[in-house]
Amino acid sequence: MRSGDSTTIDVPESKKDVPESSAIAKGKAPLVAVVVKQRGGWKRGVAIFDFLLRIGAIVAALAAASIMGTSQETLPFFTQFFQFQASYDDLPTFQFFVIAMAIVSGYLVLSLPFSIVSIVRPQAVGPRILLLIFDTVALTLNTSAAAAAAAIVYLAHNGNSNTNWLAICQQFGDFCQEVSGAVVAAFVSVVVFMFLILLSALAIRKP
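Residues numbered from 1 in each chain as written. Predicted model: local features only at pLDDT ≥ 70, side-chain atom pairs only at ≥ 80, totals over all residues. Heavy atoms only, no water.

1. Brief notes about the confidence of the model for the protein
So, step 1. Summing up the model confidence of the protein, the mean pLDDT is 80 and the portion of residues at 70 or higher is 75%.
So, step 2. The spread of mean pLDDT over the elements of the protein runs between helix H1 (residues 20-28), the lowest at 48, and helix H3 (residues 92-120), the highest at 94.
So, step 3. The low-confidence segment residues 20-26 (pLDDT under 50) makes three contacts with residues lying over four places distant or belonging to another chain.
So, step 4. Across residues 28-38 the pLDDT falls below 50, and counting only partners more than four positions away or on other chains, this stretch makes two contacts in the model. (pLDDT = per-residue confidence, 0-100. Helix = DSSP H or I, 4+ residues; strand = E, 2+ residues; numbered from the N terminus. Contact = heavy atoms within 4.5 Å.)

See the structure below:
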């Protein structure tokens, strides 16, 4: 080797010397996008479950209103002046029940588009807050109607000797079965509304 020649030695760069721009180019930046996608994913799952629960609540509320609205029974025997018949419109409480459950059913149908918007845009907070407010109002109306009707159904089954309220279910058995089924369907709707409110509160919470 002559004294005038020079030798160049290439030293590979260590990982510590790699700039951040090079690290981003090698694929570390997409991890942020993956995290964001996962956060939106669970909210979309909650929104889909919310939509399915609303369909179930619609079925329960419509069943309660239709069963109560068609409940009627006429006994096979009658006199010259009296015909023994039991119908839901004989009691104002049952009339309120039918009207309230019809309103709840109508609200649930109208709430479906907002639930669909929550599925398409899971990060949107506005539709969730709106559903949370109106779900609470509908839950109050549903609970009041179901509780009032349940009290009348209890008296129809057991009566009350202190107030001379006779148990009519021994004579009007089919009528009592129908109104009891309507009350059960209304309480099923109440439970579904509770889950809907919890889901809306969960979706509004920041990730």
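Text resumes after the structure shown.
2. Digging into the environment of Leu62
So, step 1. With respect to the helices and strands, the residue Leu62 is situated in helix H2 (residues 30-69).
So, step 2. For Leu62, a relative accessible area of 46% puts it in the partly exposed group.
So, step 3. In this structure the C-alpha to C-alpha distance between Leu62 and Gly106, which are 44 residues apart in sequence, comes to 9.0 Å. (Buried < 20%, exposed > 50% of the residue type's maximum accessible area, 1.4 Å probe, protein only.)

3. Quick word on the nonpolar core
So, step 1. One finds Met68, Phe94, Phe97, Met101, Leu108 and Phe193 to be the most contacted residues of the largest nonpolar core, which totals 40 residues.
So, step 2. Those elements that place two or more of their residues in this core are H2, H3, helix H4 (126-158) and helix H5 (173-204).
So, step 3. The element best represented in this core is H5, accounting for 13 residues. (Core = buried A, V, L, I, M, F, W, Y, C linked by side-chain atoms within 4.5 Å.)

4. Regarding the pattern of salt bridges
So, step 1. The tally for this structure, following the rule as stated, stands at three salt bridges.
So, step 2. Here Asp50 and Arg128 are joined by a salt bridge, their closest N and O atoms 3.3 Å apart. Here Arg128 lies in helix H4 and Asp50 lies in helix H2, a separation of 78 residues in the sequence. With respect to burial, Asp50 and Arg128 carry one shared label: buried.
So, step 3. Several salt bridges share partner residues, and in doing so they unite Asp50, Arg54, Arg128 and Asp135 into one network. (Salt bridge = Lys/Arg side-chain N within 4 Å of Asp/Glu carboxyl O.)

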